[in-house]
Amino acid sequence: GSLVATDIRPENENAPTGFGGAQETGFYQAGPIRLTIVERDQIIKSIKDKQIVVINYDGDEPGGKGLRTIEPVCLGYTKAGNPVLRAWDYEGASHKAYKGEKPLPSWRFFRLDRIISFIPTRDNFETAKPGYNPRGDKSMTRVIINAKFD
């Protein structure tokens, strides 16, 4: 399956989630965090569980590289075959917001190969944001999962 880099595996109770005691596990090293790999299953779980997530995204410059707080709702593939995530982007780095074209919060598309880290928080979202499409995403040729709201 598609892989995304992340620095924690929250679904694994034994994985290190901080710096204390993590040296012997090999997940971290002194200095910059060495990233581990998480399966797209973590993204699917976050969509199913409606978890608010913090991502570090390698977006377009100026203004697009950095942390973003998102509500992930749809995972699929573009016409070009790239795996992508549709999410409500609350805040953080944004090239389009920086240029004044599309201020946050708003819907955003994230290429999985540009997500540097994917960290689910303990917070959840319960309702769909305006413009949510329960039938999928018109920008995707194939949908893997779409969030379900009551």
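Keep in mind the model is a prediction, meaning the values are calculated, not measured.

1. A short note on the overall build of the protein chain
Moving on, step 1. Per the secondary structure count, the protein chain includes two helices and eight strands.
Moving on, step 2. Along the protein chain, helices and strands appear, N-terminal first, in the series β-β-α-β-β-β-α-β-β-β.
Moving on, step 3. A total of about 8,400 Å² of accessible surface is found on the protein chain, and carbon and sulfur atoms cover 50% of it.

2. Regarding the confidence of the model for the protein chain
Moving on, step 1. Per-chain confidence: the protein chain averages 77 in pLDDT, with 74% of residues scoring 70 or above.
Moving on, step 2. A low-confidence stretch, residues 1–37 stays under pLDDT 50, and its non-local contacts, those more than four residues away or across chains, total 69 contacts.

3. Side note on the packing of aromatic side chains
Moving on, step 1. A complete count under the given rule lists five aromatic pairs for this structure.
Moving on, step 2. When the centroid spacing of 5.3 Å and the interplanar angle of 80° are considered together, the rings of Trp 88 and Trp 107 count as edge-to-face. Pair noted here: Trp 88 is in strand β5 (residues 83–92) and Trp 107 is in strand β6 (residues 106–111), with a separation of 19 residues, a long-range link. For the pair shown, Trp 88 and Trp 107 are each scored as buried.
Moving on, step 3. With 5.0 Å between their ring centres and 80° between their planes, Tyr 132 and Phe 149 make a pair best called edge-to-face. Residue Tyr 132 is located in the loop between β7 (115–124) and β8 (142–146), and its partner Phe 149 is located in the segment after β8; the two are separated by 17 residues in the primary sequence.
Moving on, step 4. Using a relative accessible area of 15% as the deciding quantity, one classes Tyr 132 as buried.
Moving on, step 5. Ring-pair connections join several aromatic residues into one group, and the members of that group are Trp 88, Trp 107, Phe 125, Tyr 132 and Phe 149.
Moving on, step 6. Above the plane of the ring of Phe 149 lies Lys 50, whose end atom (NZ or CZ) is 5.3 Å from the centre.

4. Looking at the side chain of Ser 94
Moving on, step 1. Along the polypeptide, Ser 94 turns up in the loop between β5 and α2 (95–98).
Moving on, step 2. Engagement of the side chain of Ser 94 in a polar contact is seen with the side chain of Arg 108, the distance being 2.9 Å.
Moving on, step 3. Those residues within four positions of Ser 94 in sequence are excluded, and the remaining contacts are Gly 63, Gly 64, Arg 68, Leu 104 and Arg 108.

5. Structural notes on the nonpolar core
The nonpolar side chains of soluble globular proteins are, as a tendency, buried together.
Moving on, step 1. Formed by 25 residues in total, the largest nonpolar core has its most connected members in Ile 55, Leu 85, Phe 110 and Ile 115.
Moving on, step 2. For this core, the secondary structure elements donating two or more residues are α1 (40–48), β3 (51–58), β4 (65–77), β5, β6 and β7.
Moving on, step 3. Beyond its immediate sequence surroundings of up to four residues, Phe 110 is in contact with Ile 55, Tyr 57, Arg 68, Ile 70, Pro 83, Val 84, Leu 85, Ala 87, Asp 89 and Ile 115.

6. Focus: the environment of Glu 71
Moving on, step 1. On the secondary structure map, Glu 71 appears in strand β4.
Moving on, step 2. The exposure class assigned to Glu 71 is buried, which follows from its relative accessible area of 1%.
Moving on, step 3. A sequence separation of 57 residues divides Glu 71 from Ala 128, and the C-alpha atoms of the two residues are 9.3 Å apart.
Moving on, step 4. Not counting residues within four places of it along the chain, the set of residues in contact with Glu 71 comprises Ile 52, Arg 86, Ala 87, Trp 88, Tyr 90, Phe 125, Thr 127 and Lys 129.
Moving on, step 5. Within the structure, Glu 71 has its side chain in polar contact with the side chain of Lys 129 (distance 2.9 Å).

7. Things to note about the pattern of salt bridges
Moving on, step 1. A full pass over the atoms with the stated rule returns seven salt bridges.
Moving on, step 2. Between Asp 89 and Arg 68 there is a salt bridge, and its shortest N-O distance comes to 3.1 Å. Of this pair, Asp 89 sits in strand β5 while Arg 68 sits in strand β4, placing them 21 residues apart in sequence.
Moving on, step 3. Using a relative accessible area of 5% as the deciding quantity, one classes Arg 68 as buried.

Here is what the cut-offs are and how they apply
- Each chain carries its own residue numbering, running from 1 in the written order of its sequence.
- Where totals are concerned, whole chains, interfaces and linings use all residues; where local detail is concerned, this predicted model gives features only for residues with pLDDT of at least 70, and gives and counts side-chain atom pairs only at 80 or more.
- By convention in this description, side-chain values take in all heavy atoms of the structure and omit both hydrogens and water.
- Each helix corresponds to a stretch of at least 4 residues labelled H or I by DSSP, and each strand to a stretch of at least 2 residues labelled E; elements are numbered beginning at the N terminus.
- Here the open area of atoms and residues is found with the Shrake-Rupley method and a 1.4 Å probe, where only the protein chains shown may cover a residue.
- The quantity known as pLDDT measures the predictor's confidence residue by residue, on a range of 0 to 100.
- Residue contacts follow a heavy-atom distance rule, with two residues in contact if any of their heavy atoms lie within 4.5 Å.
- Two aromatic rings from Phe, Tyr or Trp, using only the six-membered ring of Trp, form a pair when their centres are within 6.5 Å; if the ring planes differ by under 30 degrees the pair is stacked, by over 60 it is edge-to-face, and anything between is tilted.
- Exposed residues in this analysis have more than 50% of their type's maximum accessible area, buried residues have under 20%, and partly exposed residues fall in between, with area computed by a 1.4 Å probe over protein chains only.
- In this analysis the charged atom, NZ for Lys or CZ for Arg, is taken to sit over a ring once it is within 6 Å of the ring centre and within 35 degrees of the ring normal.
- Polar contact criterion, stated in full: a pair of N or O atoms within 3.5 Å, where within protein one must be able to donate a hydrogen and the other to accept it, and residues adjacent in sequence count only if both atoms are side-chain atoms.
- The definition of a nonpolar core used throughout is a set of buried Ala, Val, Leu, Ile, Met, Phe, Trp, Tyr and Cys residues joined through side-chain atoms within 4.5 Å.
- What makes a salt bridge here is a side-chain nitrogen of Lys or Arg within 4 Å of a carboxyl oxygen of Asp or Glu, nothing more.

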